[in-house]
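So you can see what is in the structure, the chains are spelled out below.
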Amino acid sequence: RCLPVCASPREHAGVLWWFGPALLSALGIRHGLTRSGKRSLLELLAWNGAALALLGFLQYVTGAQFPYWGKPMRPTQFFSVFGYPNMGGAYFTLMYSLSLGIWCSQMGDAEASPLDQGGHPFLRAHYPFVAVALSLAAVLATLCRAAIVLSVALTAAFFIYVVLRAFVGNDWRRARRFRSAVVAISLMLGLFGAIYVYAPPEVGRELGTVNPLAVADRVSGKAQYHTRVATAIMRDFPLFGVGGWGYRHFSQ
């Protein structure tokens with residue numbers, strides 16, 4: 001009970017293969033990059049997500065079939081490089097939140113910059129909206145209900161943030177922030193309007209199955225077996241748990 005253990009050594013080895021590179025990458029990013037370097041890396045991740053979203057839409061438009069586990073997957077089952085809705089939903093929700101944060105940061109940088117700075121002021125402040133739009137559309141295309149609900153909550157938080165920040169600061173900065181808020185809200189409303197008009201029927205059918213009570217039940221863990229299984233694992237294997245992918249063996 002108090003020694004390292006794993007339910008399946010073969011499955012646990014897969015965790016070790018990716019844990020080492022991921023940990024080294026995290027340490028390198030934390031200690032080896034400057035502030036501007038970290039910002040550039042986050043932008044790179046956001047645009048990588050946008051590129052994967054474009055790949056998924058290209059698959060959908062062309063009707064391409066991709067082999068996955070030896071079976072051809074239909075576009076409604078396979079989006080971009082993800083063959084499981086929850087995986088794609090988790091990834092693109094993360095990219096959506098990251099893109100929203102970069103957009104807010106870029107608006108702040110543009111508002112604080114001189115008026116005579118080079119480049120078009122609108123593009124300088126709002127170019128991350130492209131990544132935001134692609135990531136949100138990708139979230140819907142994965143048909144992951146949890147990701148869709150979380151993305152709606154992130155959007156609501158974004159609206160509240162841009163409205164509140166519009167009234168902060170001195171007069172000239174407040175005017176700039178108010179203009180940024182109007183533009184950002186207009187772009188987001190236009191995006192939701194386009195999604196409402198052009199989204200495939202599958203998205204509407206999936207949204208129709210979202211039940212607020214069921215979502216609250218899953219989030220709180222009420223009536224779910226996950227809490228019971230996790231508590232039992234912590235009680236029986238308090239120090240090291242049951243190893244990588246061990247949960248699925250003990251939850252059966």
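Now for a description of the structure that goes with this document. Bear in mind that the values here come from a model prediction, so they are computed numbers and not experimental data.

Focus: the packing of aromatic side chains
Applying the stated criterion across every chain yields a total of 11 aromatic pairs. Plain terms: the ring middles of phenylalanine 82 and tyrosine 91 are 5.3 Å apart, the flat faces sit at 35° to each other, and that makes the pair tilted. Here phenylalanine 82 and tyrosine 91 have matching classes, each one buried. With a centroid separation of 5.0 Å and an interplanar angle of 20°, the aromatic rings of tryptophan 103 and phenylalanine 158 are classed as stacked. Of the two residues, tryptophan 103 sits in helix H3 (residues 85-112) while phenylalanine 158 sits in helix H6 (residues 145-165), which places them 55 residues apart along the sequence. Grouping residues by exposure puts tryptophan 103 and phenylalanine 158 together as buried.

Description of H6
Residue pairs spaced three or four apart in an α-helix point in one direction, given the helix's 3.6 residues per turn. The end-to-end C-alpha distance of H6, which contains 21 residues, comes to 30 Å, matching closely the 30 Å that a straight helix rising 1.5 Å per residue would cover. Inspection of H6 places Ala147, Ile148, Ser151, Thr155, Phe158, Val162 and Arg165 among the buried residues, and these make up the whole buried set. Viewed end-on, H6 has its buried residues packed into an arc of 120°, placing them on one side of the element. Summarising the geometry of H6, the exposed residues directed more than 90 degrees from the buried face are Ala146, Ile160 and Leu164.

Some words on helix H2 (residues 35-62)
Helix length check: H2 (28 residues) gives 41 Å between terminal C-alpha atoms against 40 Å at 1.5 Å per residue, within 8%. Buried residues of H2: Gly37, Glu43, Ala46, Gly49, Ala50, Leu52, Ala53, Gly56 and Gln59, and no others. Glycine 63 sits one or two residues past H2 and shows a positive phi near 70°.

Rules behind the numbers
Residues numbered from 1 in each chain as written. Predicted model: local features only at pLDDT ≥ 70, side-chain atom pairs only at ≥ 80, totals over all residues. Heavy atoms only, no water. Phe/Tyr/Trp six-rings, centres within 6.5 Å; stacked < 30°, edge-to-face > 60°. Buried < 20%, exposed > 50% of the residue type's maximum accessible area, 1.4 Å probe, protein only. Helix = DSSP H or I, 4+ residues; strand = E, 2+ residues; numbered from the N terminus. Expected span 1.5 Å × (residues − 1). Arc of directions from axis to C-beta.

Distances and angles like these do not, on their own, reveal function.
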